[in-house]
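Inside the fold
So the chains spell out like this:
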Amino acid sequence: MSDLPDDFNCTITNWEYIYGLCRTVSDQVKRAEFEPDVVVALARGGWFAGRCTCDFLGLDDLTSLKMEHYVGAAEKSDEPTVRYPMPEGSVEGKDVLIIDDIADTGGSIRRAQEYVEERNAGEVRTATLQLLRTSEFDPDFVGERLEEWAWIVYPWNFIEDMIDLIAGVMERADEETFDRESVRHYLAEYHSVDRIEMEIAQPDRLTEVLAEMERREVIESRGPDQWALAE
Ligand code: ADP
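Residues numbered from 1 in each chain as written. Predicted model: local features only at pLDDT ≥ 70, side-chain atom pairs only at ≥ 80, totals over all residues. Heavy atoms only, no water.

**A few points about the domain arrangement of the chain**
Counted only if it meets this: For the domain bounds, the source is a domain assignment made automatically or taken from a database. Note on contacts: a residue pair qualifies if any of its non-hydrogen atoms lie within 4.5 Å across the two residues. Using a 1.4 Å probe, buried area is obtained as the accessible area two parts lose upon being combined, added over both of them. A side-chain nitrogen of Lys or Arg and a carboxyl oxygen of Asp or Glu constitute a salt bridge if their distance falls within 4 Å.
Each assigned domain of the chain is listed with its residue range as follows: domain 1 (15-146) and domain 2 (154-229). Taken over C-alpha atoms, the centre of domain 1 sits 31 Å from the centre of domain 2. Contacts between the two partners involve nine residues from domain 1 and, on the opposite side, four residues from domain 2. Across the domain 1 to domain 2 interface the summed buried area is about 620 Å²; carbon plus sulfur atoms make up 63%. Taken as a group, Trp15, Ile18 and Arg44 account for 58% of the area that domain 1 buries against domain 2, more than any other trio of residues on that side. Joining domain 1 to domain 2, the criterion identifies one salt bridge.

**Focus on the site of the ligand**
The criterion, for reference: Residues are classed as near a molecule or strand on a simple rule: at least one heavy atom within 4 Å of it. N or O atoms within 3.5 Å of each other form a polar contact, as long as, within protein, one can give a hydrogen and the other can take it, and as long as residues adjacent in sequence are counted only when both atoms are side-chain atoms. For helices the rule is a DSSP run of H or I covering at least 4 residues; for strands it is a run of E covering at least 2, with both sets numbered from the N terminus onward. Residues are grouped as follows: Ala, Val, Leu, Ile, Met, Phe, Trp, Tyr, Cys and Pro are nonpolar; Asp, Glu, Lys and Arg are charged; every other residue, Gly included, is polar.
Around the ligand, a shell composed of 16 residues is seen, among which His69, Asp101, Thr105, Gly106 and Ser108 lie nearest. Thr105 places a polar side-chain atom, nitrogen or oxygen, 2.5 Å from an oxygen atom of the ligand. Between Ala150 and the ligand, the recorded distance is 2.9 Å, taken from a backbone N or O atom to a nitrogen atom. Those elements giving two or more residues to the shell around the ligand turn out to be β5 (96-103), α3 (107-118) and β8 (151-153). Class assignment for the residues of the shell around the ligand results in eight nonpolar, five polar and three charged.

**What to know about the nonpolar core**
Definition in use: By nonpolar core is meant a set of buried Ala, Val, Leu, Ile, Met, Phe, Trp, Tyr and Cys residues that side-chain atoms within 4.5 Å join together. Buried residues are those whose accessible area, probed at 1.4 Å on protein chains only, stays under 20% of the maximum for their type, while exposed residues exceed 50% and partly exposed ones sit between those limits.
Residues Ile12, Met162, Ile166, Leu187 and Met213 are the most contacted members of the largest nonpolar core, which totals 27 residues. Element by element, the count of residues in this core is highest for helix α4 (residues 158-172), at eight residues. Residues within four places of Ile166 in sequence aside, it is in contact with Val183, Leu187, Leu206, Val209, Leu210 and Met213. Of all hydrophobic cores here, the second largest spans 23 residues; its members include Val29, Ala41, Cys52 and Cys54.

**Comments concerning the pattern of salt bridges**
The tally for this structure, following the rule as stated, stands at 23 salt bridges. With its nearest N and O atoms 3.1 Å apart, the salt bridge here joins Arg172 to Asp7. You can see Arg172 sitting in helix α4 and its partner Asp7 sitting in the segment before β1 (10-12), a full 165 residues away along the chain. When its relative accessible area of 33% is taken as the criterion, Arg172 is described as partly exposed.

**Description of the pairing of β5**
The two faces of the sheet receive side chains in turn, since in a regular strand these alternate between them. Our working definition: Any two strands with at least two DSSP-identified bridges between them are counted as paired.
Counted residue by residue, β5 has seven buried out of eight residues, so it is predominantly covered. With four bridges connecting them, strand β2 (residues 38-43) and β5 associate as parallel partners. Its bridge partner lying in β5, Ala41 is registered against Ile99. When β5 meets strand β6 (residues 124-132), the two strands line up parallel, connected through seven bridges. Considered in β6, the bridge of Ile102 is made with Gln130.

**Some remarks on α4**
Applied cut-off: Under the convention used throughout, the expected extent of a helix is 1.5 Å for every residue step, that is, one less than its residue count.
For α4, built from 15 residues, the straight-helix expectation of 21 Å at 1.5 Å per residue is met to within 8% by its first-to-last C-alpha distance of 21 Å. Taken together, the buried positions of α4 are occupied by Phe158, Asp161, Met162, Ile163, Leu165, Ile166, Ala167, Val169 and Met170.

**Some points on the packing of aromatic side chains**
Stated formally: The pairing test for Phe, Tyr and Trp rings, Trp by its six-membered ring, is centres within 6.5 Å, and the orientation test on the planes gives stacked under 30 degrees, edge-to-face over 60, and tilted for anything in between.
Summed over all chains, the structure comprises eight aromatic pairs. Relative to Phe48, the ring of Trp15 lies with its centre 4.9 Å away and its plane at 55°, an arrangement referred to as tilted. Highlighted residues: Trp15 in helix α1 (residues 15-31) and Phe48 in helix α2 (residues 47-57), separated in sequence by 33 residues. Residue classification places Trp15 among the partly exposed residues on the basis of a relative accessible area of 42%. The partly exposed category is assigned to Phe48, whose relative accessible area is 21%.

**Some thoughts on the packing of helix α5 (residues 180-191) against helix α7 (residues 206-215)**
Packed helix pairs are characterised by how far apart their axes lie and by the angle those axes make with each other. This is how the line gets drawn: Fitting a line to C-alpha atoms yields each axis, with helices limited to the stretch in contact; the angle taken between N-to-C directions then spans 0 to 180 degrees. Any angle that falls under 35 degrees is termed roughly parallel, while one over 145 is termed roughly antiparallel, one within 65 to 115 roughly perpendicular, and all others oblique.
One can describe the packing of α5 onto α7 by two numbers: an axis separation of 11 Å at closest approach and a directional angle of 100°. Taken together, the axes of α5 and α7 lie roughly perpendicular to each other. Contact with α5, carried on its side by Arg180, Val183 and Arg184, involves Leu206, Thr207 and Leu210 of α7 and no other residues of that element. Classifying every residue of the contact of α5 with α7 by side-chain character gives three nonpolar, one polar and two charged.

Set out below in structure tokens:
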């Protein structure tokens, strides 16, 4: 999220919604009569999808690949690389379904497919729960195609993303201290996070996120319901 522009829209999701997308992808796999032997879930965003897909499809072989864009000092490389090599024999001769949460450029899942194919897998197909129009790679199975680019806040990293978003708006807004209302205000202004949508997707989480930001020393308390970025 760190190399995004100041203003970008966010969509906050919840478990039920994302679980529904896992079901949609699995239904597509079944309709295509593709019967993978193993699911490769891309770390970290693809793990929940990988596990649920195994359940929907009746598979017990689940493994992982971690794709990374980063080389050295937070410099983004164009070509994603594999962080941890796959254990010998994980995919040889097997039909493989590679799954991730979302594709933006599509580079990660495309590279993952090449990597798996180089390891003498059988048939290799790909899936993402969501697909942005920016993606140059079209997975075989897609839960949902997003018309507008947005940062999707997934339930498995809700706290991590909200901390980044809130710290970002605090840095940008010209205020000494923030209360819950002003945090909500700036989330709406800079990232179109609608208050009601957030409460429907993730009810009563703001206090928890602020407490966690304090614990991680991202912000510090300046009195009741008042916080500032930590010095
Ligand atoms: P790609 O290689 O398809 O461009 P990225 O490298 O941009 O994918 O993204 C890698 C991971 O970063 C994704 O699997 C996802 O977990 C996260 N990510 C990327 N774009 C978004 C987004 N718009 N919303 C939420 N998460 C994202």
